[in-house]
2 protein chains.
Amino acid sequence: MFAARFSRSLSHWIFLAGLLLAVAAQAADPLPSWRAGTAKQAIVGFVERVTDSRGKDYVSPPERIAVFDNDGTLWAEQPVYFPLLFAFDRLRALAPAHPEWADKPVFQAALAGDLKGALAGGEKGMVELVEATYEGDIDAFRAEVKAWLASARHPLTGRRYDAMVYQPMLEVLRYLRANGFKTYIVTGGDVEFMRAFAERAYGVPHEQVIGSRLKLVVGDNAAGRAPAVEFINDGKGKVASIVAQIGRRPIAAFGNSDGDLPMLQWTAGGSGARLMAYVHHTDARREFAYDRKSPIGKLDKGLDAALAGNWVIADMARDWLTIYPR
Amino acid sequence: MFAARFSRSLSHWIFLAGLLLAVAAQAADPLPSWRAGTAKQAIVGFVERVTDSRGKDYVSPPERIAVFDNDGTLWAEQPVYFPLLFAFDRLRALAPAHPEWADKPVFQAALAGDLKGALAGGEKGMVELVEATYEGDIDAFRAEVKAWLASARHPLTGRRYDAMVYQPMLEVLRYLRANGFKTYIVTGGDVEFMRAFAERAYGVPHEQVIGSRLKLVVGDNAAGRAPAVEFINDGKGKVASIVAQIGRRPIAAFGNSDGDLPMLQWTAGGSGARLMAYVHHTDARREFAYDRKSPIGKLDKGLDAALAGNWVIADMARDWLTIYPR
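Residues numbered from 1 in each chain as written. Chains lettered and ligands numbered in written order. Predicted model: local features only at pLDDT ≥ 70, side-chain atom pairs only at ≥ 80, totals over all residues.

Thoughts on the sheet that holds strand β5 (residues 223-231) of chain B
Residue and element names in this part refer to chain B.
Line of reasoning, step 1. The eight strands are arranged β2-β5-β4-β3-β1-β6-β7-β8 in an open sheet whose pairing can be described as mixed. Two strands bound the open sheet, and with one partner strand each, they are β2 (136-137) and β8 (312-315).
Line of reasoning, step 2. Across the sheet, helix α2 (residues 38-51) is in contact with β7 (275-280) and β8; its angle to β8 comes to roughly 135 degrees. (Pairing = 2+ DSSP bridges. Helix = DSSP H or I, 4+ residues; strand = E, 2+ residues; numbered from the N terminus. Contact = placed C-beta atoms within 7 Å. Axes fitted to C-alpha atoms, helices over the stretch in contact; angles between N-to-C directions.)

What follows is the structure, given as structure tokens:
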């Protein structure tokens, strides 16, 4: 009787100790979805160096700025940028009021669900689609995006689009913020599309989202946008908007395409410890393996520069234990 | 002997107790440079309401955005905006390399120290002065501004210009931040001029400074500006840049001129608790009493709206116990 009670009690304690150890290990590992390896080591090593107030690489908190591309870096981007898929769906809702769209082949392709045809217009076609579907009152637009995220499902995974954010990158965002970083999204996508969900999905507040933008129309007590793209936040444009709005050079940057390369190089060009990381899409089974070739965007020079510069390559198949949040 | 020791010890304790009481009083009053009255009461009452998580006026921390004009609101602006006085001084330093300036009456007046003549060109003249003296590499420009602040003295007070910030407003900035607010400077002055000293003088980091701007020129590893004003952050422009960069409506705004009125009205137009405050220059003895008339800027409609809207009027002679930091 005593022995039985003792042994039950012992197993109890052993179980509890195991649980505590697991919790402690979790707490000790800020990036549990990253497989041990050079990429993970480089990120953790960087954060430890810049926050060690007695080390030579120490960076004061106000200087701890980290910038992140969104499409392909924080969430998936296949078969095409999700903000464009929103534009297609919204086009369908608006079409009945726009008989004149019958003359636009790109719009007709988008309405017919013909992705290839919709992309055949290149950047000009995409800009026209965005202008037609993103214009109008900003609050109403954000509400549309939220409603779409709640109802739309990805054609291949069946997931909500905002459930296709990358779990390992969520951990990086949190880890950096826990270490005094301000995390910014610097996206080629539209700034108001992002603001509709960035706070909830990424913990990034509106004022830390920088994106492409339509021309503002400020009324007495409402703000809207004209159907006219004013600024495309891509390539060197990302550097320009970082200079204009953040006003200091980031010490960490994450991207996945040629459009992010100037931002990564700008970050690399500063003095002191730097972290440049490039998400490499290599996982055909769990995500997509498009390497250097995508129907959208260019991914060639970015990868070359990352390899040549010895930047962190986040190879999804190799480095990420999990892709999407459970 | 015992009595002497006791009395010394007692006086010790009384002194210490007094000290503690003084510290406690200081801690209890977040705005010690504001005289008790409706203005102070309105500011403190607002902060207490929006931070009371059980009250009906509670505002969650991410929504606690406060915007401040700079010239005439956070520091003095007479006899003319200090950023313009910097432009005059810099013009003098650059003039030997610019013989072509001999043809510009506004520049010649500025070089001769003729303030009235320098202002005779109106906004166009001011823009030309700024373009000629603010262009070039951004880091070098900020260094120039810092050097100027360290050496230049105000013609009337003999103070450093950055010692002419308003002590009561420094207390408001700190008080709001201590209560979870993000404090933004939204100035008609140049954004890079402000960034040269806003962090040290006001505790406002670069990314929370929004101002007028020159056209950016982004090189491979340096950022400069062309001698071309791209955006004047005044009037409705202040609202546009708040919408674009902050992405949410402020719940508190401080200004002192017609150029701040749209920003104050924009803040007032939101739902829930709001704080709009207008600095009224009424103190000829300790600062300047220009009321509705200034050689620079218009101050008429702003004051009318503040009175009509029952906004907080910070009457400098009445409400401020101290003007400048000691």
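Right, picking up where we left off after that structure.
Considering the domain arrangement of chain A
Residues and elements named next belong to chain A.
Line of reasoning, step 1. Here chain A is partitioned into domain 1 (35-81 + 162-319) and domain 2 (82-151).
Line of reasoning, step 2. Taking only C-alpha atoms into account, the centre of domain 1 sits 25 Å from that of domain 2.
Line of reasoning, step 3. Contributing elements (two or more residues each) for the side of domain 1 that touches domain 2: β3 (182-190), α9 (191-195) and β5 (223-231).
Line of reasoning, step 4. Counting residues per element, the side of domain 1 that touches domain 2 draws most heavily on β5, which supplies seven residues.
Line of reasoning, step 5. Here the residues of the side of domain 1 that touches domain 2 sort into 15 nonpolar, two polar and five charged. (Domains from an automatic or database assignment. Nonpolar A, V, L, I, M, F, W, Y, C, P; charged D, E, K, R; others polar.)

Some remarks on unusual backbone geometry
Trans is the prevailing form of peptide bonds, just as negative phi is the prevailing case for residues other than glycine.
Line of reasoning, step 1. Residue A:P79 is reached from A:Q78 by a cis peptide bond, and omega for that bond is 5 degrees.
Line of reasoning, step 2. Residue position: A:P79 is located in the loop between β1 (65-68) and α3 (82-94).

Details of the environment of A:T73
Residue and element names in this part refer to chain A.
Line of reasoning, step 1. Looking at where T73 falls in the secondary structure, it is placed in the loop between β1 and α3.
Line of reasoning, step 2. Placed 194 residues apart in sequence, T73 and T267 show a C-alpha to C-alpha distance of 16 Å.
Line of reasoning, step 3. T73 has contacts with F68, M169, F254, G255, N256 and V279, leaving out every residue within four places of it along the chain.

Things to note about the sheet that holds strand β7 (residues 275-280) of chain A
All names here are of chain A.
Line of reasoning, step 1. Ordered by their spatial adjacency, eight strands build an open sheet running β2-β5-β4-β3-β1-β6-β7-β8, and the pairing between neighbours is mixed. Taken across any chain shown, the strands that pair with only one partner, and hence form the sheet edges, are β2 (136-137) and β8 (312-315).
Line of reasoning, step 2. The pairing of β3 with strand β4 (residues 209-218) spans three bridges and is parallel. Across the sheet, the residue bridging to D190 is S212, located in β4.
Line of reasoning, step 3. Sheet strands in contact with helix α2 (residues 38-51) are β7 and β8, and its direction is about 135 degrees off that of β8.

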